[in-house]
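Coordinates in review
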Amino acid sequence: MLYLTAAPFAAALLLLTPLGRPQSARYALTALCGALFIGYAGYVSAAQAGPVIETVPWVPSLGLSLSSYGDGLALLFALLVTGVGAVVAFYSAQYFDDEAESQRFSVLFAAFMGAMLTLVTAGNLITLFIGWEMTSFLSFLLIGFEGGKTGRKAEEARTGALRALIVTGAGGLALVGGVVLLGTAAGSYELADILSNPALREHGWYMAIALLLIAAAFTKSAQFPFHFWLPGAMSAPSPASAYLHAATMVKAGVYLLLRFQPVLGDTALWTGLVTGIGLITFVVGAAIATRQRDLKAMLAYTTVSALGSLVALIGLPDSLGIKAALVGILAHGAYKAALFLMTGAIEHATGTRNLDELGGLRRAMPGAFVVVGISALSMAGLPPLLGFMAKDSLLEALFPEPLRSIVPLAVGFAASVLLVVSGLTILQDAFLRPRPAAAQAAAGKKVGASAKTAGQPSAEHDVGHEEAEHYHVNPLLTLGPGVLAAASVILPLTLTAFLDPLISAYYGKTTHLHLFPEHPEPLIVSLLALLAGALLVRSRPVWSAWFDIPRMPTGARVFNDLTRTVDRAGSAALGLQSGHIRYYLILIWLSVAALIVVLVINLEVLDVLRGVRVTFDRPGTDALKLGLLALSAAATGYSIWTRRHIFAALALGMSGYALGGVFLLEPAPDVALVQILVETLGTVLIMVMIARMDAINGRLRVDAMRDLWATSMIGKVRDVAIAMIIGGAVALVAVSTVASRPDRDAVNEPIAVWHLLHTYPDIKITDSVAAIVTDFRGTDTLFEILVFSAAGLGVLTLLTQPGINVEPEPERRESKLETPLTMLALRLVLPFALLVAASHLLYGGGGPGDGFTAGVIAGLAVSLSYVVRGFNRTRLAFPWLKPRRFIIAGLVLSQVNAVIWALAEGLPFMRVRDFGDAPAGLHFTSTLLFEAAILLTVFGAVTLIMDTIAHPVAEEDEG
């Protein structure tokens, strides 16, 4: 099951490459969704005997593992996610006209599917939370899909996406608190342990746990008063709306409540809050939906209403509503996803989704009429469709028994009536009635104009005659929703084969579903709701006028007021800042120095320092160290005093090289090598930047020096005092840390000794530094290369200027350093540097050097070409140099090495795999693959930074 969950993420990575551009890639994604559906379906029979649990150790010493939990609930959601996902993937292959947009949507869609599967199949709370947060972030990108453009639609996309992210992100904060408390209270973060611990209801933290988890679920599943973000998210493309807001994301909160209902439900707090808010959302969403004229908005509010009904059912005591909730989840996913997809098809064909401008589509779009008709009637609850079964199950669960209130049934009946109104309104206004005269006349003008432009005879459009309306509809846009509509018809007839095993697996006991309720009363109420809804649709002109009364403040308005207040408070706080960076740095470093002093006093560091004795065990070496330190200090001072950029850069490089010499004498060859390479790289980059700045204004440093030293004597004394305080505090901590290190003995073994003893037995290399970087603290390195990549992209973002010519110009000689001598040096240095980088990579496990140094050395070789040849000629010389591709390749390889291969053999996260010896004294392990990933990432980031800095300055257009 873990492999099935990881498959969409792998697909997203492949779709990022050129392989994801053609339309066939979208069909491949459809096939993948279908294969995943079949794969999860294969677990249903096994889950009936008990949850299918798969576990891969991650960090066994901390009790962390990657695990999946496959019971009926998880499999129901997984089948819904993959089944509807297959339909949406097929639909999106036809929906987008732009190939780049189609590829981008497919990448986000596949990643979101993986996030949702991670959430619903998670076997522990940490994985569940990770999946939860991934769905929030990826839904933000999908809702704001059109946000990169201009215009009103793009602005709505940005606003809706940000609102959804803030509201669901707040729920994520509640969830992390609930997860921590729940895991601590249960004594385990594994779902299998938590769900077998019914004593959690009596725990002292029960109220806090329940409130936090309920808050997270309410924000995600758009429950009152957080329901306002969902209609605003309708700016997403129709395939995204169908997937996120019918089948997946908005049901994540419902899943969370269902998952923990067995151990947290059936209490007064749970029943009152969950059922109460659910019923309010049920009726409020249904009422607001009836006054919408935008088809997507109407579907959005009916989604809010449906989610409220599911939440209300989950909160009922004695698990009375669980079975109805599970049926409702499946029914809603089928009919609502079909309606959202058909809304996109209708908008594609007619150019509008406003019901006031639609009509007569029954003959103009007969296929759409059939699909929408079945789905809308399923939403209305017409027998024998799946929506009817869901509504009858709901009314049966809400039906009063002795000593139970009739209020839930009354609310359920009212909301059901209003949902009937919405479903029948869609059919009547879009398909059955003639198109309004004004809308048809306007459409006739547009059709005539477009036909004239295309050189085709325009059709005559007689106002009021729907038979004259014809739309070209891609039949493939109807095929996918048609499958979902067929499911609404077929599934009620196959209850025993499909739904019963899933629900029984979740319940832990055998259940039997029926198309019609066992008692006639719920059926009578359901039919009355259908009749009342039909009557209300017929009398719409009368009661629709009631909506002209003044409206109460909406959730969106309250949210906007709150965010504006926060913005104003932030602006007021920003007004207190001077804008001078040096003052901010002074405050930051003084605070750090004060904190250090407090720690020194409390930890009695001064007592440690009194015992420090300066000795010269190796007089010659120690004297050389002191000389190098003095040289570093003098070079640093000179870099402050000099008025020339070039001298300051060289002085800083000399200071760094002197420190590298100190590390080399220590001896710490790995650290010395990194220090020297980084100083070299930094000096080269600074030199290139100096050349670029001097081309703009050669007096930049002179002006800066004049401003720096023009301060008063008091200001100079102040700055010197601050520098001495900060430097002294840092030196104090450094010396005390070194003096406090434990002695190396068998009783009190330092961490350094542990690393030395375990490097070769565990990692199969002899260099302890390389072992620390790639295994013992390999997770740190994973994040570090990600940060390094982000830094390269940040430089690109900051320094890229609009209007720069990015095409190489071979006839332009832009570097004065390109001479026969420098070109000879370049031709000699470049292959030699690449050979050194390769040796660092291959032999780094047995001596100084690793993937990082190899990447820096290779990057320096290319940087030399930028210095000698210039930007354009370097681009021509190295057409394969695509820095961002190297970064992506490195990050992908690092994740493959850390996760996928480990999972393939059931090993912990980043577990080292030994491949054995090779010729030339080589020994291959998965550590080498990690080092190769580091090399690719560092090389890509270095060359990207150099490429951006060396880019020619844009020339202003004449005139």
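Along each chain, residues carry numbers from 1 onward, in the same order as the chain's sequence is written. Only residues with pLDDT of 70 or above have their local features reported here, since the model is predicted, and side-chain atom pairs are shown and tallied only from 80 upward, although totals for entire chains, interfaces and linings are computed over all residues. Side-chain measures were taken over the full set of non-hydrogen atoms in the model, leaving aside hydrogen atoms and water.

**A closer look at the overall build of the protein**
This is how the line gets drawn: The numbering of helices and of strands both runs from the N terminus, where a helix is a DSSP run of H or I of at least 4 residues and a strand a run of E of at least 2. When accessible area is computed with a 1.4 Å probe and restricted to protein chains, residues below 20% of their type maximum are described as buried, those above 50% as exposed, and intermediate ones as partly exposed. Any two residues whose heavy atoms approach within 4.5 Å at even a single point are treated as in contact. Each accessible area is a Shrake-Rupley estimate made with a 1.4 Å probe; only the visible protein chains count as cover when residues are assessed.
In terms of regular secondary structure, the protein is built from 40 helices and 4 strands. Per-residue burial for the protein yields a buried fraction of 48% across its 959 residues. When contacts within the protein are restricted to residue pairs at least 6 apart in sequence, long-range pairs at least 24 apart make up 78% of them. If you sum the accessible surface of the protein, you get close to 44700 Å²; carbon and sulfur atoms cover 68% of it.

**A look at empty space enclosed by the protein**
Here is the rule: Of the grid points, spaced at 1 Å and generated over the protein atoms alone, those admitting a 1.4 Å probe that cannot get out make up cavities, while open sets with protein on both sides within 12 Å along at least five of seven lines make up pockets; any residue with an atom within 4 Å of a point is treated as lining. Grid points are joined across faces, edges and corners, and a volume is the space filled by probe spheres set on the points. Under the scheme applied, nonpolar residues are Ala, Val, Leu, Ile, Met, Phe, Trp, Tyr, Cys and Pro; charged residues are Asp, Glu, Lys and Arg; polar residues are all the others, including Gly.
Counted according to the given criterion, the structure contains 2 cavities of 30 Å³ or more. By volume, the largest cavity amounts to about 240 Å³. Taken together, 19 residues make up the lining of the largest cavity; nearest its centre are S309, Y335, A390, K391 and L394. Residue composition of the lining of the largest cavity, grouped by class: 12 nonpolar, 6 polar and 1 charged. In this structure, the second largest cavity occupies an estimated 50 Å³ of space.

**Here we look at the packing of aromatic side chains**
Spelled out, the test is: The criterion for an aromatic pair is that two Phe, Tyr or Trp rings (for Trp, the six-membered ring) have centres within 6.5 Å, with stacked assigned to planes under 30 degrees apart, edge-to-face to planes over 60 apart and tilted to the rest. The rule for a charge over a ring is simple: NZ of Lys or CZ of Arg within 6 Å of the ring centre, and within 35 degrees of the ring normal.
Counted by the stated rule, this structure contains 16 aromatic pairs. Ring centres 5.0 Å apart and planes at 40 degrees place the aromatic pair F96 and F105 in the tilted group. An identical accessibility class is assigned to F96 and F105; each is buried. Seen from their ring centres, F878 and W880 are 5.5 Å apart, and the 55 degrees between their planes marks the pair as tilted. Linked through ring pairs, Y91, Y95, F96, F105, F109, F112, F145 and Y243 together constitute an aromatic cluster. Above the ring of F145, the side-chain terminus of R104 is found at 4.0 Å from the ring centroid. The ring of Y760 has K764 lying over it, and the distance from NZ or CZ to the ring centre is 5.9 Å.

**Looking at the pattern of salt bridges**
The line we're drawing: Any Lys or Arg side-chain nitrogen located within 4 Å of an Asp or Glu carboxyl oxygen qualifies as a salt bridge.
Evaluation of the coordinates by the stated rule reveals 10 salt bridges. One salt bridge in this structure joins R293 and D429, with 2.8 Å as the shortest N-O distance. One end of the pair, R293, is in the loop between α13 (268-289) and α14 (295-315); the other, D429, is in helix α19 (residues 407-432), and 136 residues separate them in sequence. Its relative accessible area of 4% is what places D429 among the buried residues. With a shortest N-O distance of 2.4 Å, R564 and D561 are connected by a salt bridge. With R564 and D561 both in helix α25 (residues 555-575) and 3 residues apart, this pair spans about one turn of that helix. Accessibility expressed as a relative area gives 34% for D561, which makes it partly exposed. Members of the salt-bridge network, linked through shared partners, are R293, D356 and D429.

**Side note on helix α12 (residues 252-264)**
Each α-helix winds once per 3.6 residues, and so residues spaced three or four apart point in a common direction. To be explicit about the condition: To estimate how far a helix should extend, the number of its residues minus one is multiplied by 1.5 Å.
The terminal C-alpha atoms of α12, which comprises 13 residues, lie 17 Å apart, in line with the 18 Å expected from a rise of 1.5 Å per residue. Most of α12 sits out of view: 12 of its 13 residues are buried. What α12 keeps buried is the set A252, G253, V254, Y255, L256, L257, L258, R259, F260, Q261, V263 and L264. Looking one or two places after α12, you find D266, whose phi comes out positive at around 60 degrees.

**Structural notes on the pairing of strand β4 (residues 922-925)**
The side chains of a regular strand alternate between both faces of the sheet. The line we're drawing: Whether two strands pair comes down to DSSP finding at least two bridges between them.
Two elements, strand β3 (residues 914-918) and β4, share 4 bridges in a ladder whose sense is antiparallel. Pairing of A918 across the sheet is with L922, part of β4. Here β3 folds back onto β4 in antiparallel fashion, the turn holding 3 residues, of which A920 has a positive phi close to 65 degrees.

**Observations regarding the environment of A337**
Following the sequence through the fold, A337 ends up in helix α15 (residues 322-350). Between the alpha carbons of A337 and H245 there is a distance of 8.0 Å; along the sequence they are 92 residues apart.

**Considering the nonpolar core**
To keep things clear, this is the line we draw: For our purposes a nonpolar core is just a set of buried Ala, Val, Leu, Ile, Met, Phe, Trp, Tyr and Cys residues, chained together by side-chain atoms within 4.5 Å.
Among the nonpolar cores identified, the biggest contains 173 residues, and W229, L258 and F260 are the most heavily contacted of them. In terms of residue count, α15 provides more of this core than any other element does, 17 residues in total. Beyond its immediate sequence surroundings of up to four residues, L258 is in contact with L73, F77, I314, I322, L326, I329 and Y506. In terms of nonpolar packing, the next biggest core, distinct from the first, is built from 36 residues, L685, A833, Y866 and F909 among them.

**So, the side chain of S422**
Inspection of the secondary structure assignment puts S422 in helix α19. Residue class for S422 comes out buried when judged on its relative accessible area of 1%. Setting aside its immediate chain neighbours within four residues, S422 contacts A286, A289, T290, M298, T302 and M379.

**A closer look at unusual backbone geometry**
The omega torsion of the bond from P383 to P384 falls at 5 degrees, within 30 degrees of zero and hence cis. The residue P384 is located in the loop between α17 (366-380) and α18 (386-398) in this model. The step from E666 to P667 runs through a cis peptide bond, and the omega angle for that step is 0 degrees. Of note in this structure, D318 is not a glycine but carries a positive phi near 60 degrees. Mapped onto the secondary structure, D318 falls in the loop between α14 and α15. The residue S319 is not glycine, and still its phi comes out positive at about 55 degrees. Looking at where S319 falls in the secondary structure, it is placed in the loop between α14 and α15.

**Some points on helix α33 (residues 751-763)**
Selection rule: The bend reported for a residue corresponds to the angle between axes fitted to the seven residues ending at that residue and the seven starting there.
A maximum bend of about 35 degrees is found in α33 at L757, where proline P761 lies one to four positions downstream. Considered for burial, the residues of α33 that qualify are V753, H755, T759 and I763. The inward-facing, buried residues of α33 abut α34 (768-776), β4 and α40 (926-949). Of the residues flanking the end of α33, it is K764, one or two places downstream, whose phi is positive at about 65 degrees.

**Comments concerning the packing of α14 against α15**
The condition is simple: Only the stretch in contact is used when a helix axis is fitted, and all axes are lines through C-alpha atoms; the angle between N-to-C directions ranges over 0 to 180 degrees. The cut-offs work like this: below 35 degrees is roughly parallel, past 145 is roughly antiparallel, 65 to 115 is roughly perpendicular, and the gaps in between are oblique.
The N-to-C vectors of α14 and α15 enclose an angle of 175 degrees; their axes lie 10 Å apart at closest approach. By the angle class used here, α14 and α15 are roughly antiparallel. Across the interface between the two elements, L295, K296, L299, A300, T302, T303, A306, L310, L313 and I314 of α14 pack against I322, A324, A325, G328, I329, H332, Y335, K336, L339, F340, T343 and I346 of α15. Looking at the contact of α14 with α15, its residues break down into 15 nonpolar, 5 polar and 2 charged.

**As for the side chain of Q675**
Note on placement: Q675 falls in helix α30 (residues 669-696). The contacts of Q675, once residues within four sequence positions are left out, are G656, L659, G660 and F663.

**Points about a nonpolar patch on the surface**
Note the cut-off: A patch is a set of surface residues, each over 30% in relative accessible area and not in a salt bridge, joined within 9 Å for like charges and within 5 Å for the nonpolar side chains Val, Leu, Ile, Met, Phe, Trp and Tyr.
Together, I581, L585, I588, W589, V592 and V730 make up a nonpolar patch on the protein surface, roughly 540 Å² of accessible area in all. Counting residues per element, the nonpolar patch draws most heavily on helix α26 (residues 581-602), which supplies 5 residues. Looking at the element boundaries, I581 is found in helix α26.

**Some details on the environment of A368**
Within the secondary structure, A368 sits in helix α17. The spacing of A368 and P481 is 113 residues in sequence and 8.9 Å in space, taken between C-alpha atoms. Ignoring anything within four residues of it in the chain, the contact list for A368 reads M342, G373, F431 and T478.

**Some words on the confidence of the model for the protein**
Where we set the bar: What pLDDT reports is the predictor's confidence in each residue, on a scale of 0 through 100.
For the protein, the mean per-residue pLDDT works out to 81, and 83% of the residues sit at or above 70. Within the protein, helix α9 (residues 206-220) carries the highest mean pLDDT (94), whereas helix α20 (residues 437-453) carries the lowest (51). Below a pLDDT of 50 lies the segment residues 802-813, which in the model reaches 19 contacts outside its immediate sequence neighbourhood of four places, other chains included. The low-confidence segment residues 954-959, where pLDDT is below 50, has 5 contacts with residues more than four positions distant or belonging to other chains.

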